[in-house]
Amino acid sequence: MPTLFSQFALLQSRLNLRSPSQRLSLSLSLSARMGGSHSREGLELSDSDTEAEEDESETEEEESPGSSATPPGRSPAGTLKPGTAVSVDDVDSKLQSLKLKYSSSPSSITPTKNPNIKNAVKLYLHIGGSLPSAKWIISEKLVIYSFVKPSSSSSPYTASHDGNLDVEDVEEERDGSSSPWFLKIGSKVRAKVGPGMQMKTFPDQKRVDFVADGVWAIKFFTAEAYGIFQSEYQKCLFENIYGFEANEENTVKVFGKDFMAWAKPDSADDSIWEDAVDNFDKPPVHASPAKQSQSFLDEFEEAVDEGGIQSLALGALDNSFLVSDSGIQVVRNFNHGVHGKGISVRISDHGNTYSTPKKALLMRGETNMLLMSQWDSAKPHASGVDQLDIETGKVVTEWKFEKDGTDIAMRDITNDSKGSQLDPSGSTFLGLDDNRLCQWDMRDRRGLVQNIANSLESPVLQWTQGHQFARGTNFQCFATTGDGSIVVGSLDGKIRLYSKSSMRMAKTAFPGLGSPITHVDVTFDGKWVLGTTDTYLILICTIFKDKDGKEKTGFSGRMGNRIASPRLLKLTPLDSHLAGKNKFQKGQFSWVTENGKQERHLVATVGKFSVIWNFLQVKKSSHECYRNQEGLKSCYCYRIVPREESIVDSRFMHEKFAGSDSPDAPLVVATPMKVSSFSISGRR
């Protein structure tokens, strides 16, 4: 009798001659005959009992010749001969007649006892989404994986067990002059190796979960096989991200000698994280993602006038503001959240169509607001800002960005420091463009106050300090600390730290992990930086000790090689799949504006989810999430606030609105049509 592997190889070669739809049809018919594990995502895939039941049922089928082995409409099993035209049903019937058993027959070969079957895994599929009936099912008991690169079949990473690449393999997903690596598992899974796979590992289970048009898991038959897969996957990931082969020389080229802790976190000194953990009230008991809504107290929700909310401008005083398609709506701040409709400020651009501001920035004791609108949807830049007097509801000045007599544009604006919007005399703010970082001053050097009704041109903001960098910095976003230090995120994934006294040269430049930084935030004390990418958040500790043993942050001095590896905040593959094609947006700390106080939470939005991490849990090296993890530590312990619409913004209110029975300020979540407030701690 042919061996199991030769039978499998024969069928696989036949399948390669079939169209994609025929291969899928056969795959589904094979899957229908296999049992499933009832474990949830993230838990042990227990399949011993299931396999025993399947073996028993197959034995009964084989020993009962009178039973109907061929479903209605299928051809009886026949002999497959080379060159014979056969239907998919014939292949399926032949497979059933092969009497494949994994333990009963002495002549059969089990994967665990045959080291010659390389790259063999068991493939699982998660079905049911977030429903109570959701479960894992076995998709393939034995299937071969390979890392393939369409433009090169001679690479050492390409396994030969998968047969020849077909036309689809050669033509699909070319990326410029060099093709990326793909993970291919039989005929069912083909995914580009990268952060989008949301790979989650379980070394103790010899298991890997990931997303690829569904939620999948593969289990390896030996720890050695699991280790080989991980090593090859990391090599392919490195090459896909950075564009060249993974080796020691190229790793140093990417990260630099000072940041090797980022490339090899398992050998890094993790003590700085332990030293930096601040003690505050015990974190709330973690709730599994499937029961997130049970973790919250009262919810205050109300519809907004005319809808179209685009962003939030939370105040630390009496009011907060909803920036919408029709203007600015004012809501009241309370210890339990924001609600109660106030005035609605309609802004008309001198009779022209109102343009929804890309950014709304409170300042001057929250009596004024700067509104920045981009040129058009394709260019996230603005030529100036409108200054809105909140008390009168009127735009009092239209400012223009200019340097040395030349009009320039800005990508983003922010306050001089974390709490400067509360300064009633504040007149400066920061600006950022692709290659510029600067400070603007609204005080006109001529001592004139513009009257819009009589003015023929906009007054010019004064460039008080800053720097125009050589092309290539590709700045995307920035934020400030309590003392005015600046953190900047870039398209190449780098995060730079600038002191409050100099914008010309970064004190510290953290290397990128391959994904653009789309949003950045920093704690009031500057010890922690949070960067947002499309598929994960990155939490960086800026603390180091100088040669005298004095504790500093990367804003005030060069960290050298005394740098801790970062932590990643991710969704589980299941939650990532449920979030759809949406990307992470606006990862932020809870809002503190006083020295000595500690931010308590991190929040980000992704589609219809607001995702909340407990800051203390993320920092603790002994946190259960990090057990048995390899590489950069990733935290999957979070709570989700689901909404019916896509969320435009999620932010924690100022610390002063934390109640006596709840040490956490409320979370405000805005969708285009509603604004909701949640208290996330206290009684259960």
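Calculation rules
- The written sequence of each chain sets the order in which its residues are numbered from 1.
- Only residues with pLDDT of at least 70 get local features here, since the model is predicted, and only at 80 or more are side-chain atom pairs given and counted; chain-wide, interface and lining totals rely on the full set of residues.
- As a convention, hydrogens and water are excluded, and side-chain values are obtained from all of the structure's heavy atoms.
- Going along the chain from the N terminus, every DSSP run of H or I of four or more residues is numbered as a helix, and every run of E of two or more is numbered as a strand.
- Residue contacts follow a heavy-atom distance rule, with two residues in contact if any of their heavy atoms lie within 4.5 Å.
- Per-residue and other accessible areas were derived by the Shrake-Rupley procedure at a 1.4 Å probe size, with only the shown protein chains allowed to occlude residues.
- Only protein chains enter the accessibility calculation, which uses a 1.4 Å probe; a residue is then buried when its area is under 20% of its type maximum, exposed when over 50%, and partly exposed in between.
- Two strands qualify as a pair provided that DSSP identifies no fewer than 2 bridges between them.
- The angle between two axes is taken between their N-to-C directions and runs from 0 to 180 degrees, where each axis is a line fitted to C-alpha atoms and a helix contributes only its stretch in contact.
- Put simply, buried Ala, Val, Leu, Ile, Met, Phe, Trp, Tyr and Cys residues joined by side-chain atoms within 4.5 Å make one nonpolar core.
- A helix is expected to span 1.5 Å multiplied by its residue count minus one.
- Think of pLDDT as the predictor's per-residue confidence, scored from 0 to 100.
- Read the arc as the range of directions from the helix axis to the C-beta atoms.
- Residues adjacent in sequence count toward polar contacts only when both atoms are side-chain atoms; beyond that, a polar contact is any pair of N or O atoms within 3.5 Å, and within protein one must be able to donate a hydrogen and the other to accept it.
- Put simply, a salt bridge is a Lys or Arg side-chain nitrogen that is within 4 Å of an Asp or Glu carboxyl oxygen.
- A pair of Phe, Tyr and Trp rings is counted when the ring centres sit within 6.5 Å of each other, with Trp represented by its six-membered ring. The angle between the planes then sorts it: under 30 degrees is stacked, over 60 is edge-to-face, the rest tilted.
- Either the NZ atom of lysine or the CZ atom of arginine qualifies as a charge over a ring when it sits within 6 Å of the ring centre and within 35 degrees of the ring normal.

## Things to note about the overall build of the chain
Then comes step 1: On a plain count of helices and strands, the chain comes out with 11 helices and 40 strands.
Then comes step 2: Counted over contacts in the chain with a minimum sequence separation of 6, partners at least 24 positions apart contribute 59%.
Then comes step 3: Roughly 31,300 Å² of accessible area belongs to the chain as shown, and the carbon and sulfur atoms make up 48% of that amount.

## Here's the deal with the environment of T553
Then comes step 1: With respect to the secondary-structure elements, T553 resides in strand β31 (residues 551–553).
Then comes step 2: Note on T553: relative accessible area 15%, which makes it buried.
Then comes step 3: Measuring from C-alpha to C-alpha, the distance between T553 and C541 comes to 8.5 Å, with 12 residues separating the pair along the chain.
Then comes step 4: Those residues in contact with T553 that sit more than four places away from it in its chain are D525, G526, K527, T542, I543 and F544.

## Details of unusual backbone geometry
Then comes step 1: One non-glycine residue, K206, lies in positive phi territory at about 55 degrees.
Then comes step 2: Using a relative accessible area of 26% as the deciding quantity, one classes K206 as partly exposed.
Then comes step 3: Residues other than glycine seldom take positive phi values, yet D404 does so here, at roughly 55 degrees.
Then comes step 4: Turning to its location among the elements, D404 is positioned in the loop between β17 (402–403) and β18 (406–407).

## Topic: the sheet that holds strand β35 (residues 609–614)
Then comes step 1: The 4 strands lie next to each other as β33-β34-β35-β37, forming an open sheet whose pairing is antiparallel. A strand with exactly one partner marks an edge of an open sheet, and here the two such strands are β33 (584–589) and β37 (639–642). Recorded for the sheet is a direction-independent mean angle of 20 degrees between the axes of neighbouring strands.
Then comes step 2: As judged from the 4 bridges shared by β35 and β37, these two strands associate in the antiparallel manner.

## Some points on the nonpolar core
Then comes step 1: Judged by nonpolar contacts, the single largest core of 28 residues is most densely connected at L539, F584, L602, V611, W613 and V618.
Then comes step 2: Those residues in contact with W613 that lie beyond four places of it in its chain are L537, L569, K570, F584, R600, H601, L602, V618, C635, C637 and Y638.

## A closer look at helix α6 (residues 223–242)
Then comes step 1: The end-to-end C-alpha separation of α6 is 29 Å, in line with the 28 Å expected for 20 residues at 1.5 Å each.
Then comes step 2: Along α6, the residues classified as buried are Y226, F229, Q230, E232, Y233, C236, L237, F238 and E239.
Then comes step 3: Following α6 by one or two positions, G243 has its phi on the positive side, about 90 degrees.

## Describing the confidence of the model for the chain
Then comes step 1: Per-residue confidence for the chain gives a mean pLDDT of 75; residues scoring 70 or more make up 68%.
Then comes step 2: Predicted confidence for residues 1–40 stays below pLDDT 50, and this span has 78 contacts to residues more than four positions away or in other chains.
Then comes step 3: Ignoring residues within four places in sequence, the model shows residues 446–457, a span with pLDDT below 50, making 12 contacts including any to other chains.

## As for the pairing of strand β10 (residues 319–324)
Then comes step 1: Burial of β10 is extensive: 5 of the 6 residues sit out of reach of the surface.
Then comes step 2: Looking at chain direction, strand β9 (residues 309–313) and β10 are connected through 4 bridges and run antiparallel. What sits directly across from A313, in β10, is F321.
Then comes step 3: In textbook terms, the turn of a hairpin is the stretch between consecutive antiparallel strands, and for β9 and β10 this stretch comprises 5 residues.
Then comes step 4: The sheet contact formed by β10 and strand β11 (residues 327–334) spans 6 bridges and is antiparallel. By the bridge assignment, N319 is partnered in β11 with R332.

## Description of helix α7 (residues 248–255)
Then comes step 1: Those residues of α7 that fall on the buried side of the exposure criterion are N250, T251, V254 and F255. Down the axis of α7, the buried side of the element spans an arc of 120 degrees, and every buried residue falls inside it. Within α7, the exposed residues directed more than 90 degrees away from the buried face are E249 and K253.
Then comes step 2: Elements in contact with the buried residues of α7: α6 and α8 (260–263).
Then comes step 3: Backbone geometry just downstream of α7 places G256 in the positive-phi region, at approximately 80 degrees.

## Regarding the pairing of strand β39 (residues 667–670)
Then comes step 1: A two-sided burial pattern is seen for β39, the buried positions comprising L667 and V669 on one face and V668 and A670 on the other.
Then comes step 2: As paired elements, strand β38 (residues 649–652) and β39 share 4 bridges and run antiparallel to each other. The partner of D649 across the bridge, within β39, is A670.
Then comes step 3: Of the pairings in the sheet, the one linking β39 to strand β40 (residues 674–678) comprises 4 bridges and is antiparallel in character. Bridge pairing in β40 places A670 opposite V675.
Then comes step 4: Joining the antiparallel neighbours β39 and β40 is a turn of 3 residues.

## With respect to the sheet that holds strand β1 (residues 120–127)
Then comes step 1: Pairing is antiparallel across the open sheet formed by 7 strands, whose spatial order is β4-β3-β2-β1-β7-β6-β5. Sheet topology places β4 (189–192) and β5 (200–202) at the edges, where each strand pairs with a single neighbour. Ignoring which end each strand starts from, the neighbouring axes of this sheet average 30 degrees apart.
Then comes step 2: Strand direction decides the pairing type here: strand β3 (residues 182–185) and β4, joined by 4 bridges, are antiparallel.

## Things to note about the side chain of S610
Then comes step 1: With respect to the element layout, S610 can be found in strand β35.
Then comes step 2: A residue is classified by how much of its surface remains accessible, and S610, at 0% relative accessible area, is buried.
Then comes step 3: In terms of polar contacts, S610 uses its side chain to reach the side chain of S650, at 2.3 Å.

## Description of the pattern of salt bridges
Then comes step 1: Applying the stated criterion across every chain yields a total of 18 salt bridges.
Then comes step 2: Of the charged contacts in the structure, one is a salt bridge between K149 and E239, with a shortest N-O distance of 2.6 Å. In this pair, K149 sits in the loop between β2 (135–148) and α5 (167–171) while E239 sits in helix α6, placing the two residues 90 residues apart along the sequence.
Then comes step 3: Look at E239 and you get buried, because its relative accessible area is 15%.
Then comes step 4: Between E551 and K527 there is a salt bridge, with its nearest N and O atoms 3.8 Å apart. With E551 in strand β31 and K527 in the loop between β27 (519–522) and β28 (528–532), this residue pair connects regions lying 24 residues apart in the sequence.
Then comes step 5: Here E551 falls in the partly exposed class, since its relative accessible area comes to 41%.
Then comes step 6: Assessed through its relative accessible area of 24%, K527 is described here as partly exposed.
Then comes step 7: Residues joined by salt bridges that share partners form a network here, namely K586, D649 and R651.

## Thoughts on the packing of aromatic side chains
Then comes step 1: In total, this model carries 19 aromatic pairs according to the counting rule given.
Then comes step 2: A centroid spacing of 6.2 Å and a plane angle of 80 degrees characterise the contact between Y145 and F220, whose relative ring orientation is edge-to-face. Here Y145, found in strand β2, pairs with F220, found in strand β7 (residues 215–220); they are 75 residues apart in sequence, far enough to count as distant.
Then comes step 3: Three or more aromatic residues joined by ring pairs make a cluster, and in this case those are Y145, F147, F220, Y226, F229 and Y233.
Then comes step 4: We note R207 situated over the ring of F202; from NZ or CZ to the ring centre the distance is 4.3 Å.

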